[in-house]
Structure formats: C-alpha cells, structure tokens
Amino acid sequence: MVATAPLLAARGVSKSFFGNPVLRAVSIALQPGRVHALLGENGAGKSTLINLLSGALRPDGGAIEVDGRPVSRMTPAYAQQAGIAVVQQELSLTASLSIAENIGLGAYPRRFGLLDYPELAVRARAACDLVGLHEPLSIPVGHLSLGRRQMVEIAKALYRRPRVLILDEPTSSLSATETKVLTELLERLRGEGIAILYISHRLNEVMALCQHVTVLKDGACTADRSLEGTDASGLVRLMVGRDPGDLFPQWQASVSTSNAISVRNFSAGLMRDVDLDIRTGEVLGIGGLVGQGQEDLLLGLYGAIPARTASATVNGASGLPGGVPKANALGLAYVPADRKREGLHLIHSIISNMMLPAFARLPALKLRSRRAERETARGLAAQLGIRGDLDRPAQALSGGNQQKVALAKWMPHHPLALLLNDPTRGVDVETKREIYMMLRNFAAAGKAVVLLSSDTPELVHLCDRVAVVREGHIVAMLERGALSEEAIVSAAMGAEQRQVAA
Amino acid sequence: MSTVASSRQAGALYWPVQLRRNVGVRGLFAVVMAFLVAYGFLFPGLLTASGFAKFTQSWFPLALVAMAQAILMLTGGISLAIGAMVSLGAVIAATTMTGPLGVAGGAAAVALTGIGIGGATGFIVVKLRLPAIVVTLAGSFIIGGAALLILPRPGGAIPEWLSDLLAGNTPAAFVLLLLIVLLWKLYLATPLGLSLYAAGENPVGAYRSGVPVDGARVAAYAISGLLCTGAGLFVAAQTGSGDPVIGTAFTLNSIAAAVLGGIGFLGGQGTMRGALAGSLLLSLMISVMFFLGFTPVAQYVAQGLIIIGAVAIPQFRKVQQ
C-alpha cells in the first residue's frame, strides 16, 4: 500500500521480564507524515515497545528496523543519531540544570570541546518557541511546574530535529491550553513529514490527532489499521474486547442533606478563603487546570499540610483535623495521585501495603496477627478484584492494580469521607470502570467522596456536583443538571466570569 | 552577522545560568564573608602578605578534598577513602621527590596514583553497581594499608625549595586554587562535565537522553582521586615529610565541608562554589576556635553543632514556605 519504507519499524519483537512475556511477536511500522496511535490498557506492553523502539531495551526476539534495514544493536545513542526522539512519561529532566542545558542534554553543540552556549541558546530557544515555552532559558527546571516540565521534555525531543517522534502520554500533566499548543504542533510536524507515535489514554485526543492505530492487549497486537471509520467506542472495544457503553455506572442520586465536611474561609497552600460543604452520599468533583491549588485543598482538609479556617466541621467534630492520624480517626482517607511515591511502598508486599493504615491504629507494642492480616487482605483483594499472589511486591502490579491497592488499604477502616487525588490517572479502561463503580457504591453507602480529577468526562458522568478551582479559589460550583465538559472547561479557563457578571 | 547575534545570545545564557546557580548559596556566601571580616578583626595579620599566605595554606588541602567529595556527591556517590588517599599522596611525594624520579617524576607518580586508584574505584562502583559507601570504606583500608607499606612511620622528605614555594610566604596555594577552580569551570563547560548533574540526579533519564552516564561517573571518581593525592602532596610539602596517617581527619571534614556548602546526598544537588565556601567556612571555624583557646573536645562539639545548624536552616525555610 505504501511504497516508501517505514522510518522506524519493529518486526515481530518479543520481550520478557523475569520469565513473564510482556510483548509477543509485535510489529509496528511508523510512516513519515503520519500520526500513529498506540493504544492499550496499562500493562499491555506499550512502554516496553517504546523502549525497544528507542533502544533503551533490546528485544529477546524479532528486529528493529530503521529505514527498512534491521539494526543489530539498538542503543539510545544510535537511536538519537537515526533521528528518533522520545518524550518519556517519566520525565528525563535534571532539576538543577537550566532549561537550555536540559534541552541540549546528550546532544550539546560543542566548540573546541567545550559546550557552545551561544549555539545552545539559539537552538534551545527555537525548540522552546515551537512548544510555546517562553520562560527564560536559564531557569533551573526544578523551579517549573509539572506541566511546564513536560513542555521542556517535548522541546528537548524537538531540539534533536527528529524524523521520528515518540510521545508517551504527553498530555497527562498538561493543561487544556498546553494540550492545544501540542496538538497544533504535532499537526504541523506531521505536515513536515515526521513520523509520530502517540500514546494516550484520552481517546478524544487520539481520534482528533491520529490517522493510524495499533492496539496492544496483553502484549499482543490486536489491531493495526487506519483510524478512518472508527469511533471512540470502537477503539475501546479493540482495547478491552468489550463494549464501552458501561464505562460510567448509571448515575443515581444518593446525596443526603447532612454535611460530612463543612469549612468556612478555608486556606491551605494555594487555596484562599474557600467555603465548602461536602455532603454525605455525594461524589463531589474538583476540576480545573492543573496546579491551581486543587491538591492543597485535599491535603489541607486531610491535615497533611498546614491549613487555616474560620470554622470547620468534619464528620460531626468541630475544627480541622490538623494532622493525618486525627484525620483518619475522624473517618477521612486520602489516596494520593502519585501512587508510586506517595500511595504505595513499592518494594514491600501487597499485604504489607494493604495493612499499613491498620498498623498505625494498633497499639504500638501489640503483636501482629499474621493470620488475621492475611484474611483481611484476601477479603480486600477479592472485593477489589486484585488477582494473584499477595506476597509479591507492589511494584509487580500494573498501574491500575496498584491504584486498587492504594484504595483498598483504607477500606477496613470504613472511612466516612474519601479524598481522592486523580485516582484514574494513567489507569487502564477496565480498572477505571471498576474504580468508577466503587466510587458510586461508596456514595450510595452514605460516604462522602471527593474526586479531584484532570479527566473532565469522569467529572461530568460521575459527580453530583463539581467545584471548579482557578488560582486558589472555587470559581464555580456546577450542579448535576448544569454539568458538561464545556461548562467545566470554560469555568476553569475563566471564560465563565463575563457571563456571570452580565 | 549571525556570529554577532549568537555571541550576544551567549551573554544571554551562560552568565544567567551561572547567576541562578548562586541563588542557593547566597546565604552561605554572606556567612562566610561575615566570618572572614570577624577573623580579619580578631587577627589583623590576615591582611599582611605572609598572613594571607598562611591562611590560604591552611585552607588549601581542605578545599581540595571538599571538591573531591563534592564531585562524587554530585554523581550520587560518596567516598570514605578521601583521608587514605591524602595519606597515600603524601607518602608517595615524600618517598619519590628526593629520589631518582625527582620532583617532576614524583608529582607525576602522585597524580597517576590518584587518577588510577580513583578511576578503578569508580569502575568498581559504576560497572559492578556496588554501593559507593561500601566500596570506598573497603578501599580506605586497602589504600591506608598501602600508605603504611610505603612508609611505615613518618619520614621521607620533600625538597626544601618546593616546601618554600608551596608553603612559604608566597600566596602560591591561593593561585593554585584559583587555577583549579578555573579548570573545574572549564570541565563543567564540557558536555561530559555538565552531564555529571544529570547522571547524578536522574541517571535513567540521562541515559535515555544519550548521556554517557557511566563514563561521566567514572571520570568523576578519577578527578576526585587526583584532587585527593594532590592535597596529599601539598600536606607533605607543608610538613616537609611524609606521614602515612596524616590524611585521616580529611574524610569526615570533606563530607562536612560539602554538606555545609549545600551539596545534597541524593546526587545532582549543589554547586562546587558552595562546597568551596563550605570548606572555607569550616577552615575559618577551626582556626577561630583554635585561636580562642577552645579545647579540642569543645572544638569538635561546636563544629558538629554548627554543621547541623547549617543544614537545618535551609530546611526550616522550606517548611515555612
């Protein structure tokens, strides 16, 4: 069909880790001037495939081809020479180096063996202009927000003038504006004949941007086809082998009139003078652009960062908890966004992770009952659908299952209010569905659920109300009837205000 | 025309980058300046040529080992063999320089030993992926033993003219230090040198960016070794002879100076100018307490408290934010 050889291709590659096959005879071909989507649930092998294509890992079987010729020993350095650039999901930046030094890292221009700062400045500026990064180039990357760092990461890839650009979930920490800049940029690069491999869990982005799709499921390729004539639900079917219609559970009102948490003039971190009532039996969504103070709101309520308030009631007790143990005792539970660093202890067993909050509640010198722990853990695993040996370290689980463990550990304590920080970020569709179901069930059981999310559809379909946060204030409280993606996004971007004033 | 534009860009990148690196150490610089002024008032001799020479000479070896330690800490490593390397450098200098090798040959032997042992340590740590703290602890026994084999008791000699040149009434030590700092700036302006930060803070990311992570780290160990044996040579010149255990105190003092200077233990955090300022501060503290008649025990206690305080202050500030 296409006469030219693909710029970069994998032919029947396989890879196993510790005897577990992660990829089985997968082929993919990246053509110039095409945005190629790579879809699959977490643990389907997407990241491994990227690492093979970029030389970070070597395949056990099969071959990587550049310009139609097999490469015997692919390394990151070789990939760079061949014009392959990767925007990794885990940022590859160094906080203490400046933006420019990060962008040029590994491919610095030199003069007399020294780093050529003038040349670097010119080229880094050009790359930054492409992605709309206007901060001075001398700022250390450590001073930037997560979203801006992601843009630096993208600029770093562009700096290498790639022929093949691989992006692994580039938008997961970007704001709507930044995402728009990126989308336009990719369109332009495609026009210039660059081959792009695009990985995202956001199907609307994929539908808008990509022409071709490869779908991975359990390490095998289940589809390799043009995106023309497919819709989002068709894609999800390819990924999970099931209809997506029931991604979100049926919404049923379960909200009561009593307040679980009520605060007046609440300030914590970036949040200033917030009045908020969280009712029992509701799912309260918290939306807005990334980094407007949403996280501080949750952490402040949870007592994990200092907070001030004029008056507060938390599950019947007056005053803020002011500390995590007190918050737990008042029936609050918090599930952090960064499950690898904050949510779990990756090298410890799944059981230990599930039992951790229980340890905090035991008298310090009481002997543990391993049998009781095991029974509780088994019950939790069955309840949440976590399969396999519970003595494995938590890092052996896929992202979605890790998130389930992070949730599960609070369940034995029957929390009255759950504070969830982006619980479905980077989680596969199937696990998302299970988590959504759980959240609605919690609400139906009379718990208060606070769902901070960067995924607007889930705010719309799952929540009773959504508080939109901008610059440390709740700028809109959208009731169920008024919920739509447009309403949330326009409130988040400040487009709403003029209407209200008028 | 384009070269003009790009050279103006140079001013717009290199120096701002350098200035921003100052941000973290401004407070430290202020404290060091305050100490220097106080010291100048207490001992006006500092302002005479010979007073200045003596003062920089007492600082010089500590400055070198602080740099040696800081380089390793920037890669995410550490060395407990610094003191042993200083001793080895001292005994090699004291046994070779008056022999057939002469001063030049002796200095070359000292330098090659430093680079060789440092590089070998780095190779073991980096390629075999062993923890630096264990490898260098073991290395400190081996290297210290080697120093004792070469010179079982203090002895040997350094040519008198060399002692006079390095440790006499000339500011040679200060000039040497400026030269070393300049060389370090040059090294940091090479791709390999700057990669140190990336290799230390985010090795996986650096590797995927095409940085020779292992090479940068091994090179850091080699440079660190060279600085240590060089400090040993200087100490031998100061005393006029070799002593196989003279370096012992430098191991912990080098860590103290680096930590005072804001070098983090996790790799990639801190600056060399900070480490140098840290070593100067430590050196000042030691001399001030010595002149004020502190007993050695009181000196050590005070030194420890000041270091904890210096590390704690930035933390407090962070918590307050």
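Residues numbered from 1 in each chain as written. Chains lettered and ligands numbered in written order. Predicted model: local features only at pLDDT ≥ 70, side-chain atom pairs only at ≥ 80, totals over all residues.

*Asks:* How should I be thinking about the pairing of strand β3 (residues 34–39) of chain A in this particular structure?
*Replies:* In the case of a regular strand, side chains alternate between the two sheet surfaces. All names here are of chain A. With 6 of its 6 residues buried, β3 lies for the most part within the structure. Here β3 shows a buried face lined by R34, H36 and L38 and a second buried face lined by V35, A37 and L39. Inspection of the sheet shows β3 paired to strand β10 (residues 195–199) by 5 bridges, in the parallel sense. Note that in β10 the partner of V35 across the bridge is I196. As judged from the 4 bridges shared by β3 and strand β11 (residues 212–217), these two strands associate in the parallel manner. Along β11, the bridge assignment pairs H36 with H212. (Buried ≥ 20, exposed ≤ 12 C-beta atoms within 10 Å, placed from the backbone. Helix = DSSP H or I, 4+ residues; strand = E, 2+ residues; numbered from the N terminus. Pairing = 2+ DSSP bridges.)

*Asks:* What am I meant to see in the interface of chain A and chain B here?
*Replies:* In this assembly, 35 residues from chain A lie in contact with 27 residues from chain B. Elements represented by at least two residues in the side of chain A that touches chain B include exactly α2 (76–81), α3 (99–104), β8 (114–115) and α4 (117–131) of chain A. Of the residues that constitute the side of chain A that touches chain B, the class distribution is 23 nonpolar, 9 polar and 3 charged. (Contact = placed C-beta atoms within 7 Å. Nonpolar A, V, L, I, M, F, W, Y, C, P; charged D, E, K, R; others polar.)

*Asks:* So what exactly am I meant to see when it comes to the packing of helix α4 (residues 49–74) of chain B against helix α9 (residues 172–188) of chain B here?
*Replies:* When two helices pack together, their arrangement is captured by the angle between the axes and the distance separating the axes. All names here are of chain B. Here α4 crosses α9 at 30°, and the two axes come no closer than 8 Å. At the point where α4 passes α9, the crossing takes the left-handed sense. Residues T56, Q57, F60 and A63 of α4 pack against A173, F174 and L177 of α9. Among the residues making up the contact of α4 with α9, the classes are represented as 5 nonpolar, 2 polar and no charged. (Axes fitted to C-alpha atoms, helices over the stretch in contact; angles between N-to-C directions. Left-handed = near helix turned anticlockwise from the far one by under 90°.)

*Asks:* Could you clarify how one ought to interpret the UniProt feature "transmembrane region" (unreviewed entry) in chain B in this entry?
*Replies:* Residue and element names in this part refer to chain B. Within this numbering scheme, the UniProt entry marks residues 23–47, 59–92, 104–126, 133–152, 172–197, 218–239, 245–267 and 274–294 as carrying the feature "transmembrane region" (unreviewed entry). The span residues 218–239 shows a helical share of 100% and a strand share of 0%, and its end C-alpha atoms are spaced 32 Å apart. Within residues 245–267, the helical portion is 48% and the strand portion 0%, while the C-alpha atoms at the span's ends are 30 Å from each other. (UniProt positions renumbered as here; feature names shortened; annotations may be inferred.)

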